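Remarks on the overall topology
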Amino acid sequence: MTIKERFKIKAESLSAEIKDILKEHGSKKIGDTTLSQIYAGMRGMTGLVTETSLLDAQEGIRFRGYSIPEIQQKLPKASGGSEPLPEGLFFLMLIGDLPDEKDVQELTANWQRRSHVPNHVFDAIEALPVGTHPMTQFVIAIMALQTESQFAKKYAEGLNKKDYWDAIFDDSMNLIARLPRVAAYIYRRKYKHGDHIQPNGLLDWAGNFAHMLGYRDDTFQELMRLYMTIHADHEGGNVSAHTTHLVGSALSDPYLCLAAGMNGLAGPLHGLANQEVIKWIMEMREELKTELPSQEQIVEYVRKTLSEGKVVPGYGHAVLRKTDPRFSAQMEFGKKHLPDDPLVKTVWNIYEAVPPVLQSLGKIKNPWPNVDAHSGALLVHFGLVEYEFYTVLFGVSRSLGVLASLCWDRALGYPLERPKSVTTDSVKGWIEGKADIWGD
Ligand code: CMX
């Protein structure tokens with residue numbers, strides 16, 4: 001028997017045993033935590049402090065107390081625009097107060113000053129096969145940028161604890177300033193024959209990003225401002241935020257932390273779901289040979305997806321129990337700017353068709369759409385059809401929230417994160433009253 005075959009037998013046996021243990025003892029508590037929570041992804045277990053935003057299962061995300069519709073209304077806009085500037089959201093998350101126009105202009109100028117990307121970063125990207133997934137290129141570029149870390153340099157020289165936040169702040173600001181250029185470079189390299197576009201210093205952060213990607217349409221710039229704002233933060237427990245925070249607790253510099261967080265974002269149950277949604281819809285359209293599948297056809301296709309043991313991408317959430325307000329904000333954008341787009345209409349038809357099917361399974365806690373169910377269709381409308389790139393867009397935005405939080409983590413002096421773990425053998429001993437596995 002090969003080692004792989006032996007592993008398979010062991011894994012199947014322990015998996016069945018764990019199921020039985022949880023069926024009988026899952027609600028037993030260790031402190032305030034049930035055994036089921038320990039085995040099942042720590043759902044509902046409070047164990048983190050994140051100042052920048054708070055997620056309510058029914059209402060959705062609030063950034064420093066402001067909901068998505070409120071930030072859309074209250075944050076400063078670009079001249080002639082109606083969507084919030086992500087600079088404003090970053091200010092709100094970092095400082096805790098609503099910014100005025102001047103605060104936002106200062107931040108735009110500050111990030112422009114910091115935006116120079118050293119050549120070796122482009123060389124590192126160029127060393128990869130052009131077919132490399134954009135998220136892999138993105139993470140490698142972030143790692144290549146790590147040569148610029150002020151925190152790593154100052155720590156090596158000897159840095160007083162009380163000054164950690166200062167270098168973390170500068171690294172975070174530099175990273176945010178440079179990511180649009182790096183991301184646009186990856187996009188133009190992979191999909192536009194390396195025909196790169198120089199930054200436009202007159203534009204805001206998201207507007208300039210849209211420009212460097214090669215999209216000049218004013219409405220696309222507005223979409224980028226909205227996109228970069230609503231994807232930025234979703235409290236602390238999601239995989240990208242939690243990973244960034246966890247790695248930071250070892251005093252890894254912001255480059256190392258963000259790269260780690262982005263590796264988590266690249267998973268299909270998290271940020272990569274935005275590419276999976278469009279891929280899934282495109283495959284459905286191809287199989288059904290129609291641009292606009294009917295509700296009945298969509299229901300059939302969902303059933304087929306489920307019967308193949310796959311998830312329906314863009315639906316469900318670990319915390320939310322209603323339609324994600326980030327989905328609704330994008331739907332509003334679609335209704336305002338592109339109500340007749342067949343792909344956008346398909347996303348809305350899926351919204352009608354999918355929840356009852358998922359609900360009928362009886363096991364899915366949230367049958368409603370999340371942020372990723374809508375984003376791709378809006379991008380396709382403007383010609384950004386290369387869906388493997390979508391998670392990079394999510395990542396550029398997510399840097400705002402996780403790096404604002406990292407500044408706070410170091411300013412507040414949070415210690416190394418190190419929860420206790422157990423083995424199933426120790427759990428069995430505990431159930432039988434033989435062992436005290438919860439001690440030191
Ligand atoms: N399609 C099919 N099955 C689903 C499902 C979906 N959209 N959502 C949940 N389920 C299944 C789970 O896989 C689980 O099945 P098993 O018991 O067989 O393992 C069961 O329903 C219960 O899951 P849950 O408690 O409702 O959901 P979780 O908290 O475990 O998972 C999430 C949440 C997001 C991973 C899950 O809903 C999912 O896989 N959705 C599709 C992927 C997706 O859109 N991810 C993006 C989330 C937003 C983001 O981070 O960007």
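So, here's what we can say about the structure.

Rules and cut-offs
Residues numbered from 1 in each chain as written. Predicted model: local features only at pLDDT ≥ 70, side-chain atom pairs only at ≥ 80, totals over all residues. Heavy atoms only, no water. Near = heavy atom within 4 Å. Polar contact = N/O pair within 3.5 Å; in protein donor to acceptor, adjacent residues only side chain to side chain. Nonpolar A, V, L, I, M, F, W, Y, C, P; charged D, E, K, R; others polar. Salt bridge = Lys/Arg side-chain N within 4 Å of Asp/Glu carboxyl O. Helix = DSSP H or I, 4+ residues; strand = E, 2+ residues; numbered from the N terminus. Buried < 20%, exposed > 50% of the residue type's maximum accessible area, 1.4 Å probe, protein only. Patch = residues over 30% accessible without salt bridge, like charges linked within 9 Å, V, L, I, M, F, W, Y side chains within 5 Å. Areas by Shrake-Rupley, 256 points an atom, 1.4 Å probe, with all protein chains shown as cover. Pairing = 2+ DSSP bridges. Contact = heavy atoms within 4.5 Å. Core = buried A, V, L, I, M, F, W, Y, C linked by side-chain atoms within 4.5 Å.

Here we look at the site of the ligand
- Residues in contact with the ligand amount to 19 residues; listed here are only the nearest, His270, Tyr315, Lys363, Lys365 and Asp372.
- Gly314 is positioned such that a nitrogen or oxygen atom in its backbone is 2.8 Å from an oxygen atom of the ligand.
- In this structure, Tyr315 approaches the ligand through a main-chain N or O atom, which is 2.8 Å from a nitrogen atom.
- A breakdown of the residues in the shell around the ligand according to their chemical character gives 10 nonpolar, five polar and four charged.

Details of the pattern of salt bridges
- On inspection of all chains with the given rule, the structure shows 20 salt bridges.
- The closest approach of N and O atoms between Glu17 and Lys428, which form a salt bridge, is 2.5 Å. Of this pair, Glu17 sits in helix 1 (residues 3–25) while Lys428 sits in helix 20 (residues 424–431), and the two are 411 residues apart along the sequence.
- Owing to a relative accessible area of 26%, Lys428 belongs among the partly exposed residues under this scheme.
- One salt bridge connects Lys162 with Asp163, and the closest N-O pair in it is separated by 3.8 Å.
- Under the relative-accessibility criterion, Lys162 is labelled exposed at 60%.
- Judged by relative accessible area, which is 30%, Asp163 ranks as partly exposed.
- Connected through shared salt-bridge partners, Glu287, Lys304, Glu308 and Lys310 make up one network.

Here we look at a nonpolar patch on the surface
- The grouping of Ile38, Met42 and Met45 at the surface amounts to a nonpolar patch, some 230 Å² of accessible area in total.
- Topologically, Met45 is positioned in the loop between helix 2 (35–39) and strand 3 (53–56).

Here's the deal with the pairing of strand 4 (residues 60–63)
- Pairing geometry for strand 3 and strand 4, over four bridges, is antiparallel. Paired with Ser53 across the strands is Phe63, a residue of strand 4.
- The turn joining strand 3 and strand 4, which pair antiparallel and follow one another in sequence, is formed by three residues.
- Here strand 4 pairs with strand 5 (residues 66–67) via two bridges, running antiparallel.

Structural notes on the sheet that holds strand 4
- Reading across from one edge, 3-4-5 is the order of the three strands in this open sheet, with antiparallel pairing throughout. Only two strands of the sheet have a single partner each, and these edge strands are strand 3 and strand 5.

Some details on the environment of Val182
- Mapped onto the elements of the fold, Val182 is located in helix 9 (residues 164–191).
- The exposure class assigned to Val182 is buried, which follows from its relative accessible area of 0%.
- When neighbours within four sequence positions are excluded, Val182 is seen to be in contact with Val117, Val121, Ile125, Phe138, Ala141 and Leu145.

Brief notes about helix 8 (residues 150–157)
- Sitting at the amino-terminal end of helix 8 is Ser149, which places a side-chain oxygen 3.3 Å from the backbone nitrogen of Phe151.
- Note on helix 8: the residue one or two positions beyond its end, Gly158, has a positive phi of about 110°.

A closer look at the nonpolar core
- Within the largest apolar cluster, 107 residues are counted, with the highest numbers of intra-cluster contacts made by Phe138, Met224, Leu384 and Leu393.
- If you tally residues by element for this core, the top one is helix 9, at 14 residues.
- Setting aside its immediate chain neighbours within four residues, Leu384 contacts Tyr187, Leu213, Tyr215, Phe220, Leu379, Phe389, Tyr390 and Leu393.
- In terms of nonpolar packing, the next biggest core, distinct from the first, is built from five residues, Ile21, Ile30, Leu35 and Trp430 among them.

Regarding the side chain of Arg225
- Here Arg225 shows up in helix 11 (residues 218–230).
- By relative accessible area, which is 6% here, Arg225 ends up buried.
- Within polar-contact distance, the side chain of Arg225 engages the side chain of Glu222 at 2.8 Å.
- Ignoring anything within four residues of it in the chain, the contact list for Arg225 reads Ala78, Glu83, Pro84, Leu85, Pro86, Asp204, Ala206 and Gly207.

Note that every value here comes from positions in space, so none of it alone points to a role or purpose.
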